[in-house]
Amino acid sequence: MARGTFVVVDITEIYVHWYAGRSKSALAASLGVDRKWVRKYLAPAEASGITPGGPPMTEADWAGLIEGWFPGLGDWRLRQVTWSDIDQHRDYIKDLLGTVTVSTIHQRLRDEHKLKVSISSFRRWVHATLPDEVSRSPVTVPEDFKSSETAVTL
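Right, let's walk through the structure included here. Not measured: the values here are computed from a predicted model.

### Looking at the packing of helix H2 (residues 24-31) against helix H3 (residues 35-47)
Alright, step 1. Between H2 and H3, the shortest axis-to-axis distance is 9 Å and the interhelical angle comes to 130°. With respect to their mutual orientation, H2 and H3 come out oblique. Every pair of crossing elements has a handedness; the one defined by H2 and H3 is right-handed. Every residue of H3 that contacts H2 at Lys24, Ser25, Leu27, Ala28 and Leu31 is listed here: Arg35, Trp37, Val38, Arg39, Leu42 and Glu46.

Shown next as C-alpha cells:
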C-alpha cells in the first residue's frame, strides 16, 4: 500500500475510532494503509494500558497523548528541512505571486539567490504557506502571446 502523510488530527481520529471499538484491520482498510502502520501508532496507547471502551476521552485528550508519544507530528514544519531556506525569501515570493508562475519564481531564486531547493519542495512550501495568494491570483498568458503570429524577429 502507498505511504500516506498524516497529521495529529488524522492520528487522533484513528485513536477515537479504535477506542470506540473499531478493529485495527477496519481502520487500516478505511484509511487505505497497511495494518502494521495502524499498529505502530496504536502501540504506545496499548503499552500504556489503554484499551478500547475505557472511560470517556475527548479528541483533545488524545491529541495531548499523541504529541507526547510522537513529538514530530505536532509541528509538521520540523519535517520540512528545506522550508527554513525558503522562508528567508517569503516577501520576494509573495510580491511575485500572481505576476509570474511558481516555476519562474523558483528559477529566479535558484539563479539569482542561489536557493538550493527542489521545485517540488518549493511548490509544497508555496501552497502550504501562502495558499490565499496562490488561489487568489493565477497567472494567465494573454492569447496574443500564445499565437505564432506575434513572434518578434530581431
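### Regarding helix H8 (residues 102-113)
Every α-helix winds through 3.6 residues per turn, so residues three or four apart in the chain are directed the same way.
Alright, step 1. Here H8 spans 15 Å end to end across 12 residues, near enough to the 16 Å set by a 1.5 Å rise per residue.
Alright, step 2. Buried residues belonging to H8 abut helix H7 (90-96) and helix H9 (119-129).
Alright, step 3. Directly beyond the C-terminal end of H8, a positive phi value near 55° is found at Lys114.

What counts, and where the lines are drawn
- Residues numbered from 1 in each chain as written.
- Predicted model: local features only at pLDDT ≥ 70, side-chain atom pairs only at ≥ 80, totals over all residues.
- Heavy atoms only, no water.
- Axes fitted to C-alpha atoms, helices over the stretch in contact; angles between N-to-C directions.
- Helix = DSSP H or I, 4+ residues; strand = E, 2+ residues; numbered from the N terminus.
- Parallel < 35°, antiparallel > 145°, perpendicular 65-115°, else oblique.
- Left-handed = near helix turned anticlockwise from the far one by under 90°.
- Contact = heavy atoms within 4.5 Å.
- Expected span 1.5 Å × (residues − 1).

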